[in-house]
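Structure at a glance
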Amino acid sequence: TINNVRDRVDRHRGYLKTYPEQIFGDELPDGFVFHMSLCEEFKEEGAENLFQSIQMGDECSDMREGIKAELSKSKSNLFVTIPLTKMMSETPEAFTNPFSLTGDIHSTCIENFIVEVSSHPRICSIEVVPEMEFLNLEAQWILQSGSQDYRPFYDAGLSGTGQVVSVSDSGLDVDNCYFWDSSGDIELNGEVDQSRRKIVQYTPYANGGDWKYGHGTHVCGTIVGHKAVDGVAESHGFADGTAKNAKVAFFDIGRKFLKILKLPNQISTVLAAGTAANANLHSASWGSSSSAYDSSAAQFDEYAFDNPDHLSLIAAGNSGSGNTANSIGSPATAKNVISVGASHSYGQDLTSSQLSTDYMAYFSSRGPTDDGRTKPDIVAPGFSILSAGGLPREVGECDPESIPNGMKPPSGKSAGLTFMAGTSMATPATSGIAALVRQYME
């Protein structure tokens, strides 16, 4: 039971909020959700049917109906999230009228619900889930402002909505919770479906998937990843992307377990596929050891010339150890692309060998190009980035309950998350910010 429930009036919106003080103590969040776990032997009955036996009293009928409506949306029979505060914010009249500002009835309804659920023989556990903070948050504020924890793009409502970013990489684990769509997996045929939650196109040029903790899944998560445990309702994840509300058009160029990529002879084949999906940005976290302006670089330039609204962002390469000059790898040597190098990060992303955001990663390729041009064009955090980790043999792999002590940069991994390091990680982080800029300009 909860002995103390604190009532607070939100003067801005004019409705009552209540919080279980005993759980939160003095640090009360702006909202909370209840997470129930049904006992294994009863999971087939489903949460909505189970709720029929929970009594809350006649005075709580409005809240009861609201909770039932939330339960009916649940895609899982075992785990149920009930966002009471969210419901109150969306339909305040259903929860506050005719409640007085003392909140006596309202408090009683919440307490009755918790008591009933916690004592129900078919429910194994109930907990209040606090709001999660991003663990990709270091790259977010570094790229948006350079001032710790200040994200002016997000504050202005710029999170990638309406933007599609195309990506060519090793593969994409489509059912990781950062991409999963409960309506079913995207067809692996290059067709475009803009109604999808995250992946609007998958072109299986090389094959049709990623390997365990593969490169492509991590890259896509850094750009557009947004956690949705049930494939519908999105929530803060440990590793949401820099453009978490954008979508991705994916072009698979990965040969399973091989570093050598399978690319079409014409780069335009890759880029045009994304253009067909309304993607004006392309993120390429791959390249060669050649610092020359070669045919692949020229093809990227040609596509940019023919498609003025298109921009490619390409990883500069990882050949800069020892401050090696002239180590930018093609096609990042192209003239009409943004070549991305890697910098150190901040906070939990730092390793013992990192200093601060003002320093270049030791491995990041240095300019100039063979013909004397300055490269890279920009640097971004890439010396350990936390993002989605693919587990092809699992469905819905997601965040662990907490980050294990042994999961540390630059290569730690757990459940549906993994750290990786390289200009391959800096490039998608920058691509996500480019999507925010496009959103603003539109």
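So, here's what we can say about the structure. No experiment lies behind these values; they were computed from the predicted model shown.

Regarding the overall build of the chain
Within the chain, the secondary structure is distributed over twelve helices and 15 strands. Here the chain, with 442 residues, has 52% of them falling under the buried criterion. Contacts spanning at least 24 positions in sequence make up 73% of the contacts within the chain whose residues lie at least 6 apart. Summed over all atoms, the accessible surface of the chain reaches about 19,600 Å², with 49% contributed by carbon and sulfur.

As for the side chain of Arg197
Tracing the sequence through the fold places Arg197 in the loop between β6 (164–169) and β7 (199–203). Within polar-contact distance, the side chain of Arg197 engages the backbone oxygen of Trp180 at 2.8 Å. Aside from chain neighbours lying at most four places away, what touches Arg197 is Cys177, Tyr178, Phe179, Trp180, Asp181, His226, Ala228, Gly231, Val232, Glu234 and Lys247.

Side note on helix α11 (residues 295–306)
Each full turn of the α-helix corresponds to 3.6 residues, which orients residues three or four apart in the same direction. Given a rise of 1.5 Å per residue, twelve residues ought to cover 16 Å, and the 16 Å separating the end C-alpha atoms of α11 matches this to within 8%. If you check which residues of α11 are buried, you get Ser296, Ala297, Gln299, Phe300, Asp301, Tyr303 and Ala304.

Re the pattern of salt bridges
Using the criterion set out here, one finds six salt bridges in the structure. A salt bridge links Arg373 to Asp371, with the shortest nitrogen-to-oxygen separation between them at 3.2 Å. Residue Asp371 is classed as partly exposed on the basis of its relative accessible area of 45%. Note that Lys375 is salt-bridged to Asp377, the shortest N-O span being 2.8 Å. Owing to a relative accessible area of 6%, Lys375 belongs among the buried residues under this scheme. Residue Asp377 is classed as partly exposed on the basis of its relative accessible area of 42%.

Comments concerning the packing of helix α9 (residues 215–224) against helix α12 (residues 423–441)
The geometry of α9 relative to α12 is characterised by a closest axis approach of 7 Å and an angle of 30° between their N-to-C directions. Taken together, the axes of α9 and α12 lie roughly parallel to each other. In terms of crossing hand, the pair formed by α9 and α12 is right-handed. Taking contact as the criterion, the partners of His215, His218, Val219, Thr222 and Ile223 in α9 are, on α12, Ser424, Met425, Pro428, Ala429, Ser431 and Gly432. Each residue belonging to the contact of α9 with α12 can be placed in one class, and the counts come to five nonpolar, six polar and no charged.

Let's talk about unusual backbone geometry
Going from Gly367 to Pro368, the amide bond is cis rather than trans, its omega being 0°. Within the element layout of this structure, Pro368 appears in the loop between β11 (338–343) and β12 (378–381). A cis geometry characterises the amide bond from Lys375 onward to Pro376, with omega recorded as -5°. Along the chain, the position of Pro376 falls in the loop between β11 and β12. Even without being a glycine, Tyr213 presents a positive backbone phi close to 50°. Within the element layout of this structure, Tyr213 appears in the loop between β7 and α9. Given the relative accessible area of 13%, Tyr213 is considered buried. Positive phi outside glycine occurs at Ala415, with the angle close to 50°. Accessibility expressed as a relative area gives 30% for Ala415, which makes it partly exposed.

Looking at α12
Here α12 is 19 residues long and its end C-alpha atoms lie 27 Å apart, about the 27 Å a rise of 1.5 Å per residue gives. In terms of burial, α12 is a largely internal element, 15 of the 19 residues being buried.

Brief notes about empty space enclosed by the protein
Here the structure, examined in full by the defined rule, presents two cavities of 30 Å³ or more. Every residue lining the largest cavity is listed: Val174, Phe179, Trp180, Asp181, Gly184, Asp185, Ile186, Arg196 and Ile199. Taken together, the residues of the lining of the largest cavity sort by class into five nonpolar, one polar and three charged. The space that makes up the second largest cavity amounts to roughly 40 Å³. Forming the boundary of the second largest cavity are Ser166, Val167, Gln201, Thr203, Ala249, Phe250, Phe251, Val270, Ala273, Gly274 and His282. Taken together, the elements giving at least two residues each to the lining of the second largest cavity come down to β6, β7, β8 (247–252) and α10 (267–276).

What counts as what
- Residues numbered from 1 in each chain as written.
- Predicted model: local features only at pLDDT ≥ 70, side-chain atom pairs only at ≥ 80, totals over all residues.
- Heavy atoms only, no water.
- Helix = DSSP H or I, 4+ residues; strand = E, 2+ residues; numbered from the N terminus.
- Buried < 20%, exposed > 50% of the residue type's maximum accessible area, 1.4 Å probe, protein only.
- Contact = heavy atoms within 4.5 Å.
- Areas by Shrake-Rupley, 256 points an atom, 1.4 Å probe, with all protein chains shown as cover.
- Polar contact = N/O pair within 3.5 Å; in protein donor to acceptor, adjacent residues only side chain to side chain.
- Expected span 1.5 Å × (residues − 1).
- Salt bridge = Lys/Arg side-chain N within 4 Å of Asp/Glu carboxyl O.
- Axes fitted to C-alpha atoms, helices over the stretch in contact; angles between N-to-C directions.
- Parallel < 35°, antiparallel > 145°, perpendicular 65-115°, else oblique.
- Left-handed = near helix turned anticlockwise from the far one by under 90°.
- Nonpolar A, V, L, I, M, F, W, Y, C, P; charged D, E, K, R; others polar.
- 1 Å grid on protein atoms, 1.4 Å probe; cavity = no way out; pocket = protein on both sides within 12 Å on 5 of 7 lines; lining within 4 Å.
- Points joined across faces, edges and corners; volume = space filled by probe spheres on them.

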